Amino acid sequence: LADSETGRMSFFTAITAGWSISTQRPPVRRKARVSKPAPSRNRKPFWAAFNPPMNSVNIVVLISGSGTNLQAIIDAVERGEINGRIAAVISNRPDAKGLERAQKHGLYTLVIDHREYSGRDTFDAALQDAIEQFQPALVVLAGFMRILTDGFVQHFSGRLVNIHPSLLPKFKGL
């Protein structure tokens, strides 16, 4: 009854030979379900896959107050969302709470009190010299509450970012 070439029996041959053909499927063996681990909160954002690999850059952050913007930057660096390292946190106020935040994360802190300088130009020159010691690729004004001279801004042109949400001196924020 089997096919002489293949050794198999065709469907037609099996029917005519009186064999019963079951129309039920054999039981399906299912693989055990494996639960996936919970997503990590420390995952890099999806856009990190599109960023070309770069060397980590030095960032200097300037603050004047509590350091909430600084904390957001610290968190983003620790999560790997910012390809850089905070080289220094500089404040113009010795009592700025943001200095404590920076020290808790082991960051280098420096105070350049603007009240110790005779004018805006001399303060900005001292601040510029201090910043340049860290060779930053980026200088972030994270709630830095001082108006900077044109010379300072031009010196750091292309490397200076102000993330304070207001314009000084007219809108000082809270």
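Every chain is numbered independently, its residues counted from 1 as its sequence is written. With the structure being a predicted model, the display of local features is reserved for residues of pLDDT at least 70 and the display and counting of side-chain atom pairs for 80 or more, all residues being used for whole-chain, interface and lining totals. Processing note: side-chain calculations cover all non-hydrogen atoms of the structure and skip hydrogens and water entirely.

A. Layout of the sheet that holds strand β5 (residues 160-162). Taken together, the five strands give an open sheet; going across it, the order is β3-β2-β1-β4-β5, and neighbouring strands pair in parallel fashion. The outermost strands of the open sheet, each flanked by one partner alone, are β3 (109-111) and β5. Put simply, the sheet's adjacent strands are angled 25° from each other on average, direction ignored. Where helix α2 (residues 68-79) meets the sheet, it contacts β1 (57-63), β2 (84-91) and β4 (138-141), and its direction lies at approximately 160° from that of β2. Criterion used throughout: strands pair if DSSP finds at least two bridges between them. We count a stretch as a helix when DSSP gives it H or I for four or more residues in a row; a strand needs E for two or more, and each element gets its number in order from the N terminus. Every angle, taken between N-to-C directions, lies between 0 and 180 degrees, and every axis is a line fitted to C-alpha atoms, over only the stretch in contact when it is a helix. Throughout, a contact is declared for two residues whenever any of their heavy atoms are within 4.5 Å.

B. The confidence of the model for the protein chain, seen in detail. In the predicted model, the protein chain carries a mean pLDDT of 79, and 62% of its residues have values of at least 70. Taken as a whole, residues 49-53 scores under 50 in pLDDT and shows zero contacts with residues more than four places along the chain or in a different chain. Note: pLDDT gives the predictor's confidence per residue, expressed from 0 to 100.

C. Geometry of α2. Spanning 12 residues, α2 covers 17 Å between terminal C-alpha atoms, matching the ideal 16 Å at 1.5 Å per step. Listed in full, the buried residues belonging to α2 are Leu70, Gln71, Ile73, Ile74, Ala76 and Val77. In the core, the buried residues of α2 are packed alongside β1, β2, α3 (98-104) and β4. Positioned one or two residues after α2, Gly80 has a phi angle of 85°, which is positive. By this rule, a helix spans an expected 1.5 Å times one less than how many residues it contains. Partly exposed describes any residue whose relative accessible area lies between the buried limit of under 20% and the exposed limit of over 50%, with all areas from a 1.4 Å probe on protein chains only and scaled to the type maximum.

D. Representation of the nonpolar core within the structure. By convention a nonpolar core is built from buried Ala, Val, Leu, Ile, Met, Phe, Trp, Tyr and Cys residues, the set being connected through side-chain atoms within 4.5 Å. Counting residues in each nonpolar core, the largest one holds 17 residues, and the members touching the most others are Leu62, Ile90, Leu127, Ile131, Phe144 and Phe152. Elements supplying a minimum of two residues to this core: β1, β2, α4 (120-132) and β4. Per element, the largest residue contribution to this core is four residues, and it comes from α4. Residues contacting Ile90, with those up to four places away along its chain left out, are Val60, Val61, Leu62, Ile63, Leu110, Ile112, Leu127, Ala130 and Ile131. If you look at the next biggest cluster of nonpolar residues, it comprises 15 residues, including Ile74, Ala96, Leu107 and Val140.

E. Inspection of the packing of aromatic side chains at higher detail. Two rings from Phe, Tyr or Trp (for Trp, the six-membered ring) form a pair when their centres sit within 6.5 Å of each other. Planes less than 30 degrees apart are called stacked, planes more than 60 degrees apart edge-to-face, and all others tilted. With the rule as written, the count across this model stands at three aromatic pairs. When the centroid spacing of 5.5 Å and the interplanar angle of 50° are considered together, the rings of Tyr108 and Phe134 count as tilted. One end of the pair, Tyr108, is in the loop between α3 and β3; the other, Phe134, is in the loop between α4 and β4, with 26 residues separating them in the sequence. When the centroid spacing of 5.9 Å and the interplanar angle of 65° are considered together, the rings of Tyr117 and Phe123 count as edge-to-face. A relative accessible area of 1% places Phe123 in the buried class. Any Lys NZ or Arg CZ found within 6 Å of a ring centre and within 35 degrees of that ring's normal is scored as a charge over the ring. The ring of Phe123 has Arg146 sitting right over it, with the charged end atom 5.2 Å from the ring centre.

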